[in-house]
Amino acid sequence: MIGIFDSGSGGLTVLKAIRDVMPSADILYFGDIRNAPYGEKSREELSRLTVNSIRVLQARGATSIVSACNSVSASLAISLFDSLGLAQQNLIEMVGPTVSYFKDFKKPILLAATPATVSSELYQSAFRMLGITIDAVAIPKLAGAIEFGVSATDQERLIAAAFAPYDLEKYGALILACTHYPLAGASFRKVLGEVPFFDPAEAVAERVKRQLWPREVGDGTLRLLVSRDTPQFRAQAAKMLPDASYLIEVVD
Ligand code: DGL
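Analysis parameters
- Residues numbered from 1 in each chain as written.
- Predicted model: local features only at pLDDT ≥ 70, side-chain atom pairs only at ≥ 80, totals over all residues.
- Heavy atoms only, no water.
- Helix = DSSP H or I, 4+ residues; strand = E, 2+ residues; numbered from the N terminus.
- Expected span 1.5 Å × (residues − 1).
- Buried < 20%, exposed > 50% of the residue type's maximum accessible area, 1.4 Å probe, protein only.
- Arc of directions from axis to C-beta.
- Contact = heavy atoms within 4.5 Å.
- Near = heavy atom within 4 Å.
- Polar contact = N/O pair within 3.5 Å; in protein donor to acceptor, adjacent residues only side chain to side chain.
- Areas by Shrake-Rupley, 256 points an atom, 1.4 Å probe, with all protein chains shown as cover.
- Nonpolar A, V, L, I, M, F, W, Y, C, P; charged D, E, K, R; others polar.
- Pairing = 2+ DSSP bridges.
- Axes fitted to C-alpha atoms, helices over the stretch in contact; angles between N-to-C directions.
- Parallel < 35°, antiparallel > 145°, perpendicular 65-115°, else oblique.
- Left-handed = near helix turned anticlockwise from the far one by under 90°.

## Re helix 7 (residues 152–163)
Given 3.6 residues per helical turn, the α-helix brings residues three or four places apart onto the same face.
No. 1: For helix 7, built from 12 residues, the straight-helix expectation of 16 Å at 1.5 Å per residue is met to within 8% by its first-to-last C-alpha distance of 16 Å.
No. 2: All buried positions along helix 7 are accounted for by Q155, E156, I159, A162 and F163. All buried residues of helix 7 fall inside an arc of 130 degrees around its axis, so they share one side. Residues of helix 7 that are exposed and point more than 90 degrees away from the buried face comprise R157 and A161.
No. 3: Along its buried surface, helix 7 packs onto strand 5 (109–113), strand 6 (134–138), helix 6 (142–147), strand 7 (173–176) and helix 8 (185–192).

## Here we look at the site of the ligand
No. 1: Within the structure, the ligand sits among 13 residues, and S7, Y38, G39, S71 and T179 are positioned closest to it.
No. 2: Between the ligand and T179, the relevant distance is 2.7 Å, taken from a nitrogen atom to a side-chain nitrogen or oxygen of the residue.
No. 3: The fraction of the free accessible surface of the ligand (290 Å²) that becomes covered by protein chains is 99%.
No. 4: Among the residues forming the shell around the ligand, the class breakdown is five nonpolar, seven polar and one charged.

## So, the sheet that holds strand 10 (residues 247–250)
No. 1: Ordered by their spatial adjacency, six strands build an open sheet running 4-3-1-2-9-10, and the pairing between neighbours is parallel. Looking at strand neighbours, the two that pair on one side only are strand 4 (91–92) and strand 10, the edges of this open sheet.
No. 2: Taken together, the four bridges between strand 9 (residues 222–226) and strand 10 define a ladder with parallel strand orientation. From the neighbouring strand, V226 faces strand 10, where its bridge partner is V250.
No. 3: Helix-sheet contacts for helix 1 (residues 12–21) involve strand 1 (2–6), strand 2 (27–31), strand 3 (64–67) and strand 9, and the interaxial angle to strand 2 is about 170 degrees.
No. 4: Helix-sheet contacts for helix 2 (residues 43–59) involve strand 1, strand 2, strand 3 and strand 9, and the interaxial angle to strand 1 is about 145 degrees.

## Side note on unusual backbone geometry
No. 1: For the bond running from A36 to P37, omega is -5 degrees, close enough to zero to count as cis.
No. 2: Mapped onto the fold, P37 is located in the loop between strand 2 and helix 2.
No. 3: Even without being a glycine, E121 presents a positive backbone phi close to 65 degrees.
No. 4: Given the relative accessible area of 40%, E121 is considered partly exposed.
No. 5: A positive phi angle is found at K141, which is not glycine, with a value near 70 degrees.
No. 6: Inspection of the secondary structure assignment puts K141 in the loop between strand 6 and helix 6.
No. 7: Residue class for K141 comes out exposed when judged on its relative accessible area of 56%.

## Focus: the packing of helix 1 against helix 9 (residues 201–212)
No. 1: One way to put it is that helix 1 packs onto helix 9 with a least axis distance of 8 Å and a crossing angle of 50 degrees. The angle between helix 1 and helix 9 falls in the class oblique. In terms of crossing hand, the pair formed by helix 1 and helix 9 is right-handed. Taken together, the residues of helix 9 that come into contact with helix 1 (itself represented by T13, V14, A17, I18 and V21) are A201, E202, V204, A205, E206, V208 and K209.
No. 2: Residues that form the contact of helix 1 with helix 9 fall into these classes: eight nonpolar, one polar and three charged.

Put into structure tokens, the structure is as follows:
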């Protein structure tokens, strides 16, 4: 069974993409809403929450893990894999498949993410090692605003403030490197116009399929776990997974 985790509903974008390419995979999803948003937390705190999420999923039978959260990527310490009983090929995260998708890209890239992701410098150093020019924009508070249903107008204000210093014409792509951001795609579009957006969910799903199929196939069972029940999560799940049957369970 594939376990997927995020701070809340953002990872549903990745869950949906995985179900599109592997409909028969059994999936267990954990949204850690009680601790959301992650993107303003320290590296230490994110490391602790990451280990907790992996344990929540493993305790309920997950044998492979997908981190559908960019903000924790710097916390996925390889040195802990042994202690967590996790082989490296059984863990998929956001940064590797996203960078790999753009490895031959010739134009400068703009990347939007949480403050935690931007300050980890993971994306920036990976792209620079490939000789690709990248600028990274942190959008404080946007993931939380999306998670807890703040109005579109307020979300647009946060986006506009973060992008004000950038000349978008310079870039060949804008990577939405927070899984919550595609949920506010219309607001990004409204504020930024016709920049070519990239949502990494599909690239990550392709990697999941390449790495985990056919090992992780079952009958398409879906279970959603949350550490706090919210109407926003329920609404987002219903919108993203209109044809799926699933239970939402609250865990400690
Ligand atoms: N969706 C997560 C990410 O990709 C976390 C966002 C947050 O909780 O701040 O970074």
